[in-house]
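# Survey of secondary and tertiary structure
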Amino acid sequence: QKDGHDWFMRKEIHEQPRAVADALLGRRGVDGRLQLDEMRLSDQELRDIDKIIIIAAGTSFYAGMVAKYAIEHWCRIPVEVELSSEFRYRDPIVDYSTLVVAISQSGETADTLQAIRHARAQRSKVLAICNTNGSTIPRESDAVIYMHAGPEIGVASTKGYVTQLVACYLLALYLAQVKGTRYGDEITQVVEQLEAIPAQIEKVLAKAEDIYRLARHHVDSRSFLFLGRHAGYPVALEGALKLKELAYLHAEGFAAGELKHGPIALVEPGLPVLCIVPPRGRDQLHDKMLSGIQEVRARGAHTIVLAEEGDDRIAPYADELVTLPRVPVLLQPLVAVIPLQLFACELASAMGHDVDQPRNLAKSVTVE
Ligand code: M6R
């Protein structure tokens, strides 16, 4: 069942190229335009939307943060991202012109379910991004985009996360197509970039042994920081969550620009800091990230840097370097998360933990 892997999680990490390809299957019509079969919201209903609120929990929430960047960039619609457990308790402003997007791998997360019930009671439309056919959240939603990841057994979300991202990008591009905020050629170009992702994930997976070795070096570390900017910021949060839930270690993710506002006080000699560097194409972002890395190195941190191949400025900033394939900044989470999953899985395994069934956690959280 585990196809020769010791953990379901490891198997599921390696299934990600296939999962991403499946999530993209059949999304282009004969005319080349994007089609989302389970959309069930008319073009007019989508054009009438003037605000999107994404609600989700845990890893799905971090996928939602990436979705905000993509939707706002491609569609120019304001997007809020909210933890589903907080949503209905703060008297949110939602009405018929708000689209609520609920992201849930299981489709059964109680916090998210209660949040969509609240949204629908305020007459807003709800679209679910979900992996589990026929589960409660898509059944109670107006529309659904299925992720097609296949069953995810490990408690830690891996292929769930990357296929959630794919579904979010598809939603963003579809909205751009319907609203006319991007030209068809531009949309096709991004879809083609998405279609190239499975092969790029394979390239990262080919380095698994190097990343495992790196993880085992840190088996005695008790605290980790993760830094990112732009779409790399939610990836930093996701990397830290993986380490918390699997290795039971203190791990925190930060937007690199926030360091100087407090978190830098945590840095002491030897502290491992994992840094997700934006692609070179975004030079301002890239420069700012390098200066963030410099700040932690100057205080003795041990930097593990994820940067795109061919980044000729990165070497002096990295105690350890993991190269990533070249992808546009908005799609970088799809490749940047892979080393972080491998790292957490191996570290937890080397520490003797049950990777598939971490303590105190359940795969689907059906209580509020
Ligand atoms: O099934 P959902 O996507 O609604 O689950 C949400 C979270 O409980 C889930 O992503 C959790 O954070 C994972 N264990 C993270 O790996």
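As the structure is a prediction and not an experimental result, all values here were calculated from the model. (Residues numbered from 1 in each chain as written. Predicted model: local features only at pLDDT ≥ 70, side-chain atom pairs only at ≥ 80, totals over all residues. Heavy atoms only, no water.)

## Some details on the side chain of Gln-332
Assignment of secondary structure puts Gln-332 in helix H14 (residues 332-350). Of the residues examined, Gln-332 reaches a relative accessible area of 4% and is grouped as buried. Setting aside its immediate chain neighbours within four residues, Gln-332 contacts Ile-276, Val-277, Pro-278, Pro-279, Leu-324 and Val-327. (Helix = DSSP H or I, 4+ residues; strand = E, 2+ residues; numbered from the N terminus. Buried < 20%, exposed > 50% of the residue type's maximum accessible area, 1.4 Å probe, protein only. Contact = heavy atoms within 4.5 Å.)

## As for the site of the ligand
In the vicinity of the ligand lie 15 residues, with Ser-60, Ser-104, Ser-106, Thr-109 and Glu-245 positioned nearest. Within the side chain of Ser-104, a nitrogen or oxygen atom sits 2.7 Å from an oxygen atom of the ligand. One nitrogen or oxygen atom from the main chain of Ser-157 is found 2.9 Å from an oxygen atom belonging to the ligand. In isolation the ligand exposes 410 Å². Once the protein is present, 89% of that is buried. Elements with a contribution of two residues or more to the shell around the ligand: helix H4 (58-75) and helix H12 (232-247). Split by residue class, the shell around the ligand holds four nonpolar, nine polar and two charged. (Near = heavy atom within 4 Å. Polar contact = N/O pair within 3.5 Å; in protein donor to acceptor, adjacent residues only side chain to side chain. Areas by Shrake-Rupley, 256 points an atom, 1.4 Å probe, with all protein chains shown as cover. Nonpolar A, V, L, I, M, F, W, Y, C, P; charged D, E, K, R; others polar.)

## Observations regarding the sheet that holds strand E7 (residues 250-255)
With parallel pairing, five strands are arranged side by side in an open sheet as E7-E6-E8-E9-E10. Edge strands, defined here as strands with exactly one partner in the open sheet, are E7 and strand E10 (320-324). In this sheet, adjacent strand axes meet at a mean angle of 15° when their direction is disregarded. Inspection of the sheet shows strand E6 (residues 223-228) paired to strand E8 (residues 272-276) by three bridges, in the parallel sense. Across the sheet, residue Leu-227 finds its bridge partner in E8, namely Cys-275. Here H12 sits on the sheet in contact with E6, E7 and E8, set at roughly 175° to E7. (Pairing = 2+ DSSP bridges. Axes fitted to C-alpha atoms, helices over the stretch in contact; angles between N-to-C directions.)

## So, unusual backbone geometry
Residue Asp-3 is not a glycine yet carries a positive backbone phi of 50°. Inspection of the secondary structure assignment puts Asp-3 in the segment before helix H1 (8-14). Looking at Asp-3, the relative accessible area reads 59%, which means it is exposed. For Arg-40, which is not glycine, the phi dihedral falls at a positive 55°. For Arg-40, a relative accessible area of 54% translates into the label exposed.

## Considering the sheet that holds strand E5 (residues 143-146)
Sheet architecture is open: five strands sit in the order E2-E1-E3-E4-E5, paired in parallel fashion. The sheet is open, and its two borders are formed by strand E2 (79-83) and E5, each paired with just one other strand. Recorded for the sheet is a direction-independent mean angle of 20° between the axes of neighbouring strands. For strand E1 (residues 51-56) and E2, the ladder comprises five bridges, and the chain directions are parallel. Across the sheet, the residue bridging to Ile-54 is Val-81, located in E2. Set on the sheet, H4 makes contact with E1, E2 and strand E3 (98-104); between it and E2 the angle comes to about 175°.

## Focus: the packing of aromatic side chains
Counted according to the given criterion, the structure contains three aromatic pairs. Between Trp-74 and Tyr-169, the aromatic rings sit 6.3 Å apart at their centres with planes inclined by 65°, giving edge-to-face as the arrangement. Of this pair, Trp-74 sits in helix H4 while Tyr-169 sits in helix H8 (residues 159-179); the two residues are 95 residues apart in sequence, bridging distant segments of the chain. Considered together, Trp-74 and Tyr-169 belong to a single accessibility category, that of buried residues. Above the face of the Tyr-212 ring, Arg-10 is positioned so that its terminal group lies 4.8 Å from the ring centre. Above the face of the Tyr-248 ring, Arg-359 is positioned so that its terminal group lies 3.9 Å from the ring centre. (Phe/Tyr/Trp six-rings, centres within 6.5 Å; stacked < 30°, edge-to-face > 60°. Lys NZ or Arg CZ within 6 Å of the ring centre and 35° of its normal.)

## Notes on the packing of helix H2 (residues 16-24) against helix H10 (residues 197-205)
For the pair H2 and H10, interaxial distance at closest approach is 8 Å and the crossing angle is 170°. The angle between H2 and H10 falls in the class roughly antiparallel. Touching Gln-16, Pro-17, Val-20 and Ala-21 of H2 are Ile-197, Pro-198, Ile-201, Glu-202 and Leu-205, all from H10. (Parallel < 35°, antiparallel > 145°, perpendicular 65-115°, else oblique.)

## Things to note about H2
Within the sequence span of H2, burial applies to Gln-16, Pro-17, Ala-19, Val-20, Ala-23 and Leu-24. Down the axis of H2, the buried set is contained in an arc of 165°. They therefore lie on one face. Along its buried surface, H2 packs onto H1, H8, helix H9 (184-195), H10 and H14. Positive phi shows up at Gly-26, right after H2, with a value of about 70°. (Arc of directions from axis to C-beta.)

## Considerations on the packing of H2 against H8
One way to put it is that H2 packs onto H8 with a least axis distance of 9 Å and a crossing angle of 25°. Comparing their axes, H8 and H2 come out roughly parallel. Classified by chirality, the crossing of H8 by H2 is right-handed. Where H2 approaches H8, its residues Gln-16, Ala-19, Val-20, Ala-23 and Leu-24 are matched on the opposing element by Lys-159, Val-162, Thr-163, Val-166 and Leu-170. Split by residue class, the contact of H2 with H8 holds seven nonpolar, two polar and one charged. (Left-handed = near helix turned anticlockwise from the far one by under 90°.)

These figures come from the coordinates and say nothing about function on their own.
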